[in-house]
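# A look at the structure
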Amino acid sequence: MYEYVIGTVTYIGPEYIVLENGGIGYQIITPNPYLFALNDEHTKVYTYFHVREDAQLLYGFRTREERVLFRKLLNVSGIGPKGALAIVASGKPSEIATAIEEENEKFLTSFPGVGKKTARQIILDLKGKLEEFIEHGNTGVEKNPKTLGNSELEEALLALKSLGYTQKEIDKIKPKMENQSLSTDQYIRLALQYLTRLK
């Protein structure tokens, strides 16, 4: 229905942002709301309009790749919008696609709400259908990440809360990451690795 919306971010919450365009505030559910900047007047959000019996919801993504992956995950038996959103929030499309192609169940079960049965179903339904991400994606964490301030770490920790992790869990892993200089996405992926080991 909508390819994308460009506007001003007027609200950022745990589950969604509000993007104002032409006097209308669009409530857009996103994988990591805290990765958006408040009052950014030129924010482009790629959207997916989801209709179900009891609601009409607008989902938004920073890139077309994320949106394509989200839609493909919705085709997996047993995965709804909430589960697909959590997976997209937790890793790069190229990393997720590579894990599916390599049948890396351990990597897939590191995502919130994904057990062995669901991981196996993802592999069965999507293996061989995600070549576009592997061909053009760059997997792995950057070898020489740009030095950044603690704001990136704080954004990552807020994103973890939106994914359903408790403050107690987050407090356990925070000291392990404070001495590193990473981007917000890299902090999130590292945190998920630590959180998986706590289980």
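The numbering scheme is per chain: residues are counted from 1 as the chain's sequence reads. With the structure being a predicted model, the display of local features is reserved for residues of pLDDT at least 70 and the display and counting of side-chain atom pairs for 80 or more, all residues being used for whole-chain, interface and lining totals. To get the side-chain values, all heavy atoms of the structure are used, and hydrogens and water are removed first.

Our working definition: UniProt positions are given in the numbering used here, feature names are shortened, and annotations may be inferred rather than shown by experiment.
In the nomenclature of an unreviewed UniProt entry, the chain is known as Holliday junction branch migration complex subunit RuvA of Fervidibacillus albus. The UniProt entry for the chain carries this comment under Sequence similarities (unreviewed entry): "Belongs to the RuvA family." The UniProt entry for the chain carries the following comment under Subcellular location (unreviewed entry): "Cytoplasm".

### Things to note about the environment of Leu38
This is how it is decided: Counting from the N terminus, the helices are the DSSP runs of H or I reaching at least four residues and the strands are the DSSP runs of E reaching at least two. Burial status follows relative accessibility: with a 1.4 Å probe on protein chains alone, a residue under 20% of its type maximum counts as buried, one over 50% as exposed, and anything between as partly exposed. The criterion used for residue contact is that any of the two residues' heavy atoms lie within 4.5 Å.
In this fold, Leu38 is placed in the loop between strand 3 (24-29) and strand 4 (43-52). Residue Leu38 is classed as partly exposed on the basis of its relative accessible area of 48%. Spatially, the C-alpha atoms of Leu38 and Glu154 are 15 Å apart, while their sequence positions differ by 116 residues. Apart from residues lying up to four places away in sequence, Leu38 is in contact with Val9, Thr10, Tyr11 and Ile12.

### Quick word on the UniProt feature "domain: Helix-hairpin-helix DNA-binding motif class" (unreviewed entry) in the chain
Following the UniProt record, the feature "domain: Helix-hairpin-helix DNA-binding motif class" (unreviewed entry) maps to residues 71-90 and 106-125 here. Note that residues 71-90 is 70% helix and 0% strand, and that its end C-alpha atoms are spaced 16 Å apart. Taken end to end, residues 106-125 is 65% helix and 0% strand, and its two terminal C-alpha atoms sit 17 Å from one another.

### Concerning helix 9 (residues 184-198)
Convention followed: A helix is expected to reach a length of 1.5 Å times the quantity of its residues less one.
Helix length check: helix 9 (15 residues) gives 21 Å between terminal C-alpha atoms against 21 Å at 1.5 Å per residue, within 8%. When helix 9 is considered as a whole, its buried residues turn out to be Thr184, Gln186, Tyr187, Ile188, Arg189, Leu190, Ala191, Leu192, Tyr194 and Leu195.

### Quick notes on the packing of aromatic side chains
Heads up, the rule is: When the centres of two rings from Phe, Tyr and Trp lie within 6.5 Å, Trp using its six-membered ring, the rings pair. Their planes under 30 degrees apart give stacked, over 60 give edge-to-face, and anything left gives tilted.
Counting across every chain of the model gives six aromatic pairs. An angle of 70 degrees between the planes, with centres 5.9 Å apart, marks the rings of Tyr4 and Tyr46 as edge-to-face. Placement of the pair is Tyr4 in strand 1 (residues 4-12) and Tyr46 in strand 4, with a sequence separation of 42 residues. Of the residues examined, Tyr46 reaches a relative accessible area of 11% and is grouped as buried. Centre to centre, the rings of Tyr11 and Tyr16 are 5.5 Å apart; their planes meet at 40 degrees, and the pair counts as tilted.

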